[in-house]
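Geometric and topological summary
Single-letter residue listing:
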Amino acid sequence: MAGGNNAGRGVYAISVAAELVGMGQQNLRLYERRGLIEPGRTLGGTRQYSEEDLATLRRIGELLDLGLNLAGIGMVLRLEAENRRLQRELRSATAERANARARSG
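All of the points below concern the structure found in this document. (Residues numbered from 1 in each chain as written. Predicted model: local features only at pLDDT ≥ 70, side-chain atom pairs only at ≥ 80, totals over all residues. Heavy atoms only, no water.)

Our next topic: the overall build of the chain. Check the secondary structure of the chain and you find four helices and two strands. If you line up the chain on its principal axes, its C-alpha atoms span 60 × 35 × 20 Å. When burial is assessed residue by residue, the chain has 26% of its 105 residues classed as buried. By sequence separation, contacts in the chain at least 24 residues apart represent 51% of the contacts at least 6 residues apart. For the chain, the computed accessible surface area is about 7,200 Å², with 50% contributed by carbon and sulfur atoms. Charge-centre separation for the chain: the mean point of 16 positive side chains lies 4 Å from the mean point of 12 negative side chains. (Helix = DSSP H or I, 4+ residues; strand = E, 2+ residues; numbered from the N terminus. Buried < 20%, exposed > 50% of the residue type's maximum accessible area, 1.4 Å probe, protein only. Contact = heavy atoms within 4.5 Å. Areas by Shrake-Rupley, 256 points an atom, 1.4 Å probe, with all protein chains shown as cover. Lys, Arg positive; Asp, Glu negative; His and termini not counted. Charge placed at Lys NZ, Arg CZ, Asp CG, Glu CD.)

With that settled, consider the environment of Tyr 49. The topology assignment puts Tyr 49 in the loop between strand 2 (47-48) and helix 3 (51-65). A sequence separation of 40 residues divides Tyr 49 from Arg 9, and the C-alpha atoms of the two residues are 7.5 Å apart.

This brings us to helix 1 (residues 14-21). Taken residue by residue, helix 1 has Ile 14, Ala 17, Ala 18 and Val 21 as its buried positions. Seen from one end, helix 1 has its buried residues packed into an arc of 100°, which puts them on one side. Against the buried residues of helix 1 lie helix 2 (25-33), strand 2 and helix 3. (Arc of directions from axis to C-beta.)

Printed below as a string of structure tokens:
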């Protein structure tokens, strides 16, 4: 993902994030209220969007274009996150098993 190690760090104000993803600022606020995205906040409470947030917003746009409503999008985003977590666990378990075989044999 773009941004390297800063992918999860909020660096974009809402106006910039909205422009980068081609959405209105009100939409970003709505998606936050609906729990679809959780941007970081400054000490003063200003929203700061990360590269990961922008990717999520783009995914929300894709799902909206497919005709999903916000409840459906929330389900898809949760399932995709769970799938990524399970894939990481599987890769880790596979690597551990390979390392154990290499040590024993």
